[in-house]
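# Examining the three-dimensional arrangement
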Amino acid sequence: QVQLVESGGGSAQAGGSLRLSCVASADRSCMAWIRQAPGKEREGVAYITEGGSTGYVDSAKGRFTVSRDNAKKTVYLQMNSLKPEDTAMYYCAAREKEDYCQANPRIFDYWGQGTQVTVSS
């Protein structure tokens, strides 16, 4: 079992920035940030492997940056140029297997409790 604890959510104005953090109780190679807006399905935002390979949903490219500190078992999501459509609950997720990694919510085995991000125009 892996416990994931997110922090860093909150409110921001459009164009502003927020930085999310996720601390894991154990190392897992494939980690991701997933978000869910009210009335919508979960959407993969970004993933990162232990080796530093990353991927982003198109709407996050150029604005969000995922990173990790393996020594601290912590994954970050730096969100810049925020838009109202970024408003959602953001979840940290980890995959048990090390075979592949992507931001598809269906492949993850462990989830944090989520942190709310609200962007106002």
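One can find the structure itself at the top, above this paragraph.
Below is a summary of the structure that appears in this document. From a predicted model like this one, the values you see are computed outputs, not experimental measurements. Position numbers for residues count from 1 along each chain, tracking the sequence in the order it is written. Residue-level local features of this predicted model are given only where pLDDT is at least 70; pairs of side-chain atoms are given and counted only at 80 or more, and the full residue set underlies all totals for whole chains, interfaces and linings. Values shown for side chains rest on all heavy atoms present in the structure; no hydrogens or waters enter the calculation.

### Comments concerning the packing of aromatic side chains
The line we're drawing: The rule is short: rings of Phe, Tyr and Trp, with Trp giving its six-membered ring, pair when the centres are within 6.5 Å, and they are stacked under 30 degrees, edge-to-face over 60, tilted in between. Elements are defined by DSSP. Helices are runs of H or I of four residues or more, strands are runs of E of two residues or more, and each kind is numbered from the N terminus. Residue burial is assigned from relative accessible area. The probe radius is 1.4 Å, only protein chains are included, and a residue is buried under 20% of its type maximum, exposed over 50%, and partly exposed in between. Consider the ring centre and the ring normal. A charge sits over the ring if Lys NZ or Arg CZ is within 6 Å of that centre and within 35 degrees of that normal.
If you walk through the whole model with that rule in mind, you get two aromatic pairs. Taking the centre distance of 6.2 Å and the plane angle of 75° together, the rings of Y91 and W111 count as edge-to-face. Here Y91 is found in strand β9 (residues 88-94), whereas its partner W111 is found in strand β10 (residues 110-111), with 20 residues between them in sequence. According to the relative accessible area criterion, Y91 is buried, its value standing at 13%. Owing to a relative accessible area of 27%, W111 belongs among the partly exposed residues under this scheme. Both rings, one in F108 and one in W111, keep their centres 6.5 Å apart while their planes meet at 80°; by these two values the pair is edge-to-face. Aromatic ring contacts, followed pair by pair, group Y91, F108 and W111 into a single cluster. Looking at R42, its charged tip hangs above the ring of Y91, at a distance of 4.5 Å from the centre. Above the plane of the ring of Y100 lies R95, whose end atom (NZ or CZ) is 4.4 Å from the centre.

### Quick word on the pattern of salt bridges
Just so we agree on the cut-off: Every case where a carboxyl oxygen of Asp or Glu lies within 4 Å of a side-chain nitrogen of Lys or Arg is listed as a salt bridge.
Counting across every chain of the model gives six salt bridges. Linking R28 and E96 is a salt bridge whose minimum nitrogen-to-oxygen distance equals 3.1 Å. Of this pair, R28 sits in the loop between β3 (18-24) and β4 (31-36) while E96 sits in the loop between β9 and β10, and the two are 68 residues apart along the sequence. A relative accessible area of 34% places E96 in the partly exposed class. R95 is paired through a salt bridge with D99; the nearest N and O atoms lie 2.9 Å apart. What makes R95 buried here is its relative accessible area of 7%. Shared partners join several salt bridges into a network, and the residues in it are R35, E43, R63 and D86.

### Overview of the nonpolar core
To be explicit about the condition: Here, nonpolar core means buried Ala, Val, Leu, Ile, Met, Phe, Trp, Tyr and Cys residues that are tied together by side-chain atoms lying within 4.5 Å of each other. Contact criterion: two residues are considered in contact whenever any of their non-hydrogen atoms come within 4.5 Å of each other.
Core analysis: the biggest nonpolar cluster contains 28 residues, and L4, M31, W33, L77, M79 and Y90 have the highest contact counts within it. Not counting the four nearest positions on each side in its chain, L77 is found in contact with L18, R19, L20, W33, V45, A46, F64, T65, V66 and Y90.

### Brief notes about unusual backbone geometry
At K73, a position not held by glycine, the phi torsion is positive, near 55°. The phi dihedral of S81 is positive, around 50°, even though this residue is not glycine. Looking at the element boundaries, S81 is found in the loop between β8 (74-79) and β9.

### Structural notes on the environment of E98
In this fold, E98 is placed in the loop between β9 and β10. Residue classification places E98 among the exposed positions, given a relative accessible area of 63%. Residues E98 and S53 lie 45 residues apart in sequence; the distance between their C-alpha atoms is 13 Å.

### A word on the sheet that holds β8
Defined as follows: If DSSP finds at least two bridges between two strands, the strands pair. Axis definition: a line fitted to C-alpha atoms, over the contacting stretch in the case of helices. Angles run 0 to 180 degrees between N-to-C directions.
The strand order β1-β3-β8-β7 describes an open sheet built from four strands, whose pairing is antiparallel. Each end of this open sheet is capped by a strand with a single partner; those strands are β1 (4-7) and β7 (64-69). Strand-to-strand, the axes of this sheet are offset by a mean angle of 15°, without reference to chain direction. Alignment of β1 against β3, held across four bridges, turns out to be antiparallel. In the strand pairing of β3, V5 is matched with V23.

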